[in-house]
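# Close look at the chain arrangement
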Amino acid sequence: MKTKDIMARLQAKYPGENEYLQAVQEVLESIEDVYNQHPEFEKAKIVERMVEPDRIFTFRVTWVDDKGEVQTNTGYRVQFNSAIGPYKGGLRFHRMVTPSMLKFLGFEQTFKNALTTLPMGGAKGGSDFDPKGKTDEEIMRFCQAFMLELWQCIGPDQDIPAGDVGVGGREIGYLYGMYKKLAREYNTGVLTGKGATWGGSILRPEATGFGALYFTENLLHHAGKDIKGCRVAVSGFGNVAWGASIKALELGAKVVAISGPDGVCEIPEGITKEMIDYMLVMRASNRDRVEDMATRFPDKAFFTPGKKAWSVKCDIALPCAFQNELAEEDAKQLKENGCWCCCEVSNMGCQPGAIHFFQHNGILFAPGKAVNAGGVATSGLEMTQNAEHISWSGKEVDEKLHFIMRSIHEQCVKFGTQPDGSVDYVKGANIAGFMKVAQAMLEQGTV
Ligand code: 2IT
């Protein structure tokens, strides 16, 4: 297998699908050497099959806004790979959603889910619906219209969606309500991220952020460092940034920045519990503005329009917002400002140039598919609880999450340790995930 040849073919076949091509390139580069040591993979054309989704559903979603105007969006579900379990992955509602974005996310999800130690295949879905400025009623009507089509594609043993950007507990509630009505199935295991009183797992809302900090602790420990007292810059203020901020504070770090599409809020004395709670209010308002934090806490948070979180002095950078949010220039600025570690929490949050810069300048770096896997892993734990008709305590879920993140770190170290003793976490995560999926595909024959 030659990455160059496969990429040339995919570029010709899917011109302009930049996020998808970027995600595939990153994985193929990492696994090429290992792959070529396995002639049985080459014979079964594992890579050629793995880069193509199993299937993609595309559907029209029509709904009526508060003014009585008819609105039309496009909905998708990309079922990427089912080698190690039923399709699993979130739904993203964002105005920029395209098939390329969901293909990149479904592809990443396949490897991430393999790392969790749980039996889940990879999928992703969503819509170009823009939640910004929408009322609660509009969100509900959109979710119901979306499920009118989606319900036929999903099921607790086939495909289990969850949240992602623009989809949280509120949206999962509306989606599940409509699913029950259409399917006349009352199995809560068809969606994860549900409310705690109707099948949701305790700690699922926090799990992506908590897991990211547990992974960061493992990585720092391996490098002989400690998170206590570190200044942490977080991008975004959504569900993931919220969970990461809670745990960073709990572990004795100081969150000195959060950001939004409008700019950055610098918080010199570190974020407080009250401010973290306010992130939930900001998210529920659908205003998509981080400036609201500075308006609410004028003595603590200082807003600068148009700037990113990476302009604030920190030790550790945690991208928690969107793909490609951290460019090579940002990586350089972080280093100039003394940053020595970046754990990518968003999916593909760092551009390739930024990752190369970190790796060549002695900055510890770990990729999203390892760092953020605690979210989907806890979704897997939610599925188990639903299937057994039980619910675990927060303590039980947290212990399992700790174990899973430790195990993901160990897999990265196993497959990513370099001759000089340093760990290439990108290689480690990609090879570990790939080997598991490839082996399963091989054993299941040519399908
Ligand atoms: O990117 C992700 O891993 C998620 N959005 C969570 C997916 C899930 O099924 O919980």
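Heads up: the structure comes first, above all this text.
Below or above, wherever it landed, is the structure these notes cover. (Residues numbered from 1 in each chain as written. Predicted model: local features only at pLDDT ≥ 70, side-chain atom pairs only at ≥ 80, totals over all residues. Heavy atoms only, no water.)

### Looking at the site of the ligand
- Lys88, Lys112, Asp164, Arg204 and Ser379 are the nearest of the 13 residues found near the ligand.
- One of the side-chain nitrogen or oxygen atoms of arginine 204 is found 2.9 Å away from an oxygen atom of the ligand.
- Serine 379 places a polar side-chain atom, nitrogen or oxygen, 2.6 Å from an oxygen atom of the ligand.
- Contact with the protein chains removes 94% of the 300 Å² of surface that the ligand exposes when unbound. (Near = heavy atom within 4 Å. Polar contact = N/O pair within 3.5 Å; in protein donor to acceptor, adjacent residues only side chain to side chain. Areas by Shrake-Rupley, 256 points an atom, 1.4 Å probe, with all protein chains shown as cover.)

### Concerning the packing of helix 2 (residues 18-35) against helix 17 (residues 425-443)
- One way to put it is that helix 2 packs onto helix 17 with a least axis distance of 9 Å and a crossing angle of 70 degrees. Here helix 2 is positioned roughly perpendicular relative to helix 17, judged by the angle of their axes. Crossing hand, helix 2 versus helix 17: right-handed. Together, Glu26, Val27, Ser30, Ile31, Asp33, Val34 and Tyr35 of helix 2 and Val426, Lys427, Asn430, Ile431, Phe434 and Met435 of helix 17 make up the contact between the two elements.
- Residue composition of the contact of helix 2 with helix 17, by class: eight nonpolar, two polar and three charged. (Axes fitted to C-alpha atoms, helices over the stretch in contact; angles between N-to-C directions. Helix = DSSP H or I, 4+ residues; strand = E, 2+ residues; numbered from the N terminus. Parallel < 35°, antiparallel > 145°, perpendicular 65-115°, else oblique. Left-handed = near helix turned anticlockwise from the far one by under 90°. Contact = heavy atoms within 4.5 Å. Nonpolar A, V, L, I, M, F, W, Y, C, P; charged D, E, K, R; others polar.)

### Some remarks on the sheet that holds strand 5 (residues 159-162)
- Strand order in the open sheet made by the five strands is 1-2-4-3-5, with mixed pairing throughout. Edge positions in the open sheet fall to strand 1 (55-64) and strand 5, since each of these has one partner strand only. If you compare each strand with its neighbour and ignore which way they point, the axes differ by 20 degrees on average.
- Along the sheet, helix 6 (residues 136-150) makes contact with strand 1, strand 2 (70-81), strand 3 (87-93), strand 4 (121-127) and strand 5, crossing strand 1 at roughly 140 degrees. (Pairing = 2+ DSSP bridges.)

### Describing helix 7 (residues 169-183)
- End to end, helix 7 covers 21 Å across 15 residues, agreeing with the expected 21 Å (1.5 Å per residue, within 8%).
- Along helix 7, the residues that are buried comprise Glu171, Ile172, Tyr174, Leu175, Tyr176, Met178, Tyr179 and Ala183.
- Of the surrounding secondary structure, the elements contacted by the buried residues of helix 7 are strand 3, helix 6, strand 5 and helix 10 (273-284).
- Arginine 184 lies just past helix 7 and shows a positive phi near 50 degrees. (Expected span 1.5 Å × (residues − 1). Buried < 20%, exposed > 50% of the residue type's maximum accessible area, 1.4 Å probe, protein only.)

### Observations regarding the sheet that holds strand 10 (residues 316-318)
- As summarised here, the arrangement of the seven strands in space is 9-8-7-6-10-11-12, forming an open sheet in which the pairing is mixed. Here the strands that pair on one side only, and so sit at the sheet edges, are strand 9 (302-305) and strand 12 (364-366). If you compare each strand with its neighbour and ignore which way they point, the axes differ by 15 degrees on average.
- Relative to strand 12, strand 11 (residues 341-343) is paired through three bridges, and the arrangement is parallel. For cysteine 341, the partnering residue across the bridge sits in strand 12 and is leucine 364.

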